[in-house]
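A structural walkthrough
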There are 2 protein chains.
Amino acid sequence: MSVPRVAPVDFSHDRAEVARAIEQLMARELQDTKGPVADAIRYALRGEGKRLRAILVIAGYRAAGGTGDVSALAAAIEVVHAYSLVHDDLPCMDDDDMRRGRPTVHRVFGVPAATAAGMAMVPLAALSADAAAEAMGLAPAVRGNIVRTLMRASGAGGMIGGQLLDLEGEGLSLDLEQLERIHRCKTGALIEASIRIGGLAAGAAPAIEEAFGRYGASIGLAFQIADDVLDITATTNQLGKTAGKDVQFRKSTYPALLGIAGAEARADSLVREACLGLHELGVLTPELEFLAQFVVARQS
Amino acid sequence: MSVPRVAPVDFSHDRAEVARAIEQLMARELQDTKGPVADAIRYALRGEGKRLRAILVIAGYRAAGGTGDVSALAAAIEVVHAYSLVHDDLPCMDDDDMRRGRPTVHRVFGVPAATAAGMAMVPLAALSADAAAEAMGLAPAVRGNIVRTLMRASGAGGMIGGQLLDLEGEGLSLDLEQLERIHRCKTGALIEASIRIGGLAAGAAPAIEEAFGRYGASIGLAFQIADDVLDITATTNQLGKTAGKDVQFRKSTYPALLGIAGAEARADSLVREACLGLHELGVLTPELEFLAQFVVARQS
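Just so it is clear, the model here is predicted, and its values are computed rather than measured.

Things to note about the overall build of chain A
Helix and strand counts for chain A stand at 14 helices and two strands. Referenced to the eigenvectors of the C-alpha coordinate spread, the extents of chain A come out at roughly 50 × 50 × 30 Å. For chain A, the residues scored as buried account for 59% of the 300 residues in total. The long-range share in chain A, meaning contacts at least 24 apart out of those at least 6 apart in sequence, stands at 75%.

Quick look at the structure:
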């Protein structure tokens, strides 16, 4: 793709901190819960992902001047992301057997436990975000704002609504506007919420938080366009999930509507737009610039 | 049953207020959401239920000295209850066709939309509770406490975990202790949370809130015992859902372990215990006394 490259940023330390925070979150919130629901939640949360949403919380927090440890809050966002994957993989949704190179949750624990785990992960996320915000010493009003932002992204108007629109669109010819609306909900809502929450935790001014939101929405859409492209160009092995499913299920995609080059150009333009918006407010850090480019340049 | 009767309390006005508040909640939170997830949520929320949990919020609020309008908060608790019914009825769970005299949500909207609606109703409940608490002018710290109490009851350690334990117990011989643990999670957690939340909204002292919690846990368990008895003694028509399912699925129940009379005696004793605890603190109102007796004396 044609976006000029910035120097790569190594987030491996942050990723390790998030993994540690996820373990602490499970130890705290699931300590009294026995049985397959808790086991399924643990399995879902221990998948080896990119942790993009958690990293966006951290990078947003730093860009807004935060200097504390925001990894526990970043872990709570990953709970929402993980629950969306459990839900998306269910037989009644995308019916996937593999995710991040492992059998999906319902393949290991069965559909009832996977469904229950998915449902239970929403309150888990809300409680974890609230507890993390409290541990950071944030005021109750800010804590409430963070939990609300997370819950709004998780519901019928965000991620979950988008997943169902996506499912219903299978086999239909969607136009670009319809497709964009689905992608903005399905993938964009939580990516947007992630960086917003980083900003909220750092006490960002409303104008900065809004700019973060626009950056998140743009790179979220670019992320999904890149996903559509990867579904065609990458192998199942590279992706850690089944490749070529979009064509198989006759899904409307950006490459189908714009061609691969056209889809890539649209993603690049969204990335530029995202960075420009932050640059104008003086909050475009090398981390956020790298992350914007990463979402379109990644290989899996 | 042998519990002495108190004068019946007419909650029809409160029930109408809750129905109104549920409509307002949907108008506000689902206004931008189109499609079958929103439709399924509306259908689930418009079922004609007893609204016991909402009434417990209201009665608890009044018993703790509250004088405002708590119906919007009560409506948010009903969202959690409705989501648990959607989830419980799914083919992968209890696989029920009828609920409150109507086809279940997945029978009308299909399994994907019903599953998505169930998942989306958790954030909806959190946001609605938070908005209701804000509209009542409650401090952010109290609002946070209310949302936490609701989320804790909704998760793996509460309702959802209990539903799965219940499902897994089918065909097994559970002892009384195991059965009680399932019922306390599955039904008790949200009933306990309801009256606690009423207390929190009225600014109840921690000792009162704790007593409310014990009352809720006791009547929640009594409610489930009465449910077990009704499954044997009532008809499908009376219940508005399929009767006799416990025997059909060889579920361990209180009547199976204690006999019908023994189960009824246990429920009555729990009701007395619940009322005594509040009486000792001077917060046993006629409303709460009636509700405790209602849970065991109801015919559906």
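Next comes the rest of the write-up.
Looking at the confidence of the model for chain A
Residues of chain A with pLDDT of at least 70 account for 99%, and the chain-wide mean is 93. Here the predicted complex scores 0.94 on pTM and 0.93 on ipTM.

Brief notes about the nonpolar core
It is characteristic of soluble globular proteins that their nonpolar side chains tend to be buried jointly. Of all hydrophobic cores here, the largest spans 216 residues; its most connected members are A:Ile41, A:Ala117, A:Leu150, B:Ile41, B:Ala117 and B:Leu150. When sequence neighbours within four positions are dropped, the list of residues in contact with B:Ile41 reads A:Ala156, B:Leu30, B:Ala117, B:Ala120, B:Met121 and B:Leu124.

Notes on the interface of chain B and chain A
Each partner contributes to the interface: chain B provides 44 residues, whereas chain A provides 44 residues. Broken down by secondary-structure element, the contributors of at least two residues to the side of chain B that touches chain A are α2 (36-45), α6 (111-135), α7 (140-154) and α8 (159-168) of chain B. Among the elements that line the side of chain B that touches chain A, the one with the most residues is α6(B), at 14 residues. For the side of chain B that touches chain A, the residue count by class is 28 nonpolar, 11 polar and five charged.

Observations concerning the relation of the copies chain B and chain A
Once chain B has been moved 0.0 Å along the axis and rotated by 180°, it coincides with chain A to within an RMSD of 0.0 Å. Each copy turns onto its partner about a two-fold axis. When the interface residues of chain B are mapped onto chain A, 100% of them again lie at the interface, so the same face is used by both copies.

Here we look at α6(B)
Residue and element names in this part refer to chain B. In this model, α6 (25 residues) spans 35 Å end to end at C-alpha, consistent with the 36 Å of a helix rising 1.5 Å per residue. Along α6, the largest kink reaches about 25° and is centred on methionine 121; proline proline 123 follows within four residues of it. Most of α6 is tucked away: 21 of the 25 residues are buried. Just downstream of α6, glycine 137 is the residue with a positive phi angle, here 80°.

Some details on helix α7 (residues 140-154) of chain A
Each full turn of the α-helix corresponds to 3.6 residues, which orients residues three or four apart in the same direction. Residues and elements named next belong to chain A. Here α7 is 15 residues long and its end C-alpha atoms lie 21 Å apart, about the 21 Å a rise of 1.5 Å per residue gives. Most of α7 is tucked away, with 12 of its 15 residues classed as buried. Among the residues of α7, those classed as buried are Arg143, Gly144, Asn145, Ile146, Val147, Arg148, Thr149, Leu150, Met151, Arg152, Ala153 and Ser154.

Thoughts on the packing of helix α3 (residues 52-63) of chain A against helix α4 (residues 71-89) of chain A
A packed helix pair is summarised by two numbers, namely the angle formed by the two axes and the spacing between the axes. All names here are of chain A. As a packed pair, α3 and α4 sit with axes 8 Å apart at the nearest point and diverge in direction by 150°. The two elements α3 and α4 cross, and the hand of that crossing is right-handed. Counted together, Arg53, Ala54, Val57 and Ile58 of α3 and Ser71, Leu73, Ala74, Ala75, Ile77, Glu78 and His81 of α4 form the full contact between these two elements. Within the contact of α3 with α4, the residues separate by chemical class into seven nonpolar, two polar and two charged.

A closer look at the environment of A:Ser252
Residue and element names in this part refer to chain A. Position of serine 252 relative to the elements: it lies in the loop between α12 (245-248) and α13 (254-280). Residue classification places serine 252 among the buried residues on the basis of 20 C-beta atoms within 10 Å. Each C-alpha atom of the pair serine 252 and glutamine 178 lies 9.6 Å from the other, and the pair is 74 residues apart in sequence. Excluding its chain neighbours within four sequence positions, the residues that come into contact with serine 252 are Gly169, Leu172, Ser173, Leu174, Leu179 and Leu257.

About the cut-offs
- Residues numbered from 1 in each chain as written.
- Chains lettered and ligands numbered in written order.
- Predicted model: local features only at pLDDT ≥ 70, side-chain atom pairs only at ≥ 80, totals over all residues.
- Helix = DSSP H or I, 4+ residues; strand = E, 2+ residues; numbered from the N terminus.
- Buried ≥ 20, exposed ≤ 12 C-beta atoms within 10 Å, placed from the backbone.
- Contact = placed C-beta atoms within 7 Å.
- pLDDT = per-residue confidence, 0-100.
- Core = buried A, V, L, I, M, F, W, Y, C linked by C-beta atoms within 7 Å.
- Nonpolar A, V, L, I, M, F, W, Y, C, P; charged D, E, K, R; others polar.
- Least-squares fit on C-alpha atoms with pLDDT ≥ 70 in both.
- Expected span 1.5 Å × (residues − 1).
- Bend = angle between axes of the 7 residues up to and from the residue.
- Axes fitted to C-alpha atoms, helices over the stretch in contact; angles between N-to-C directions.
- Left-handed = near helix turned anticlockwise from the far one by under 90°.

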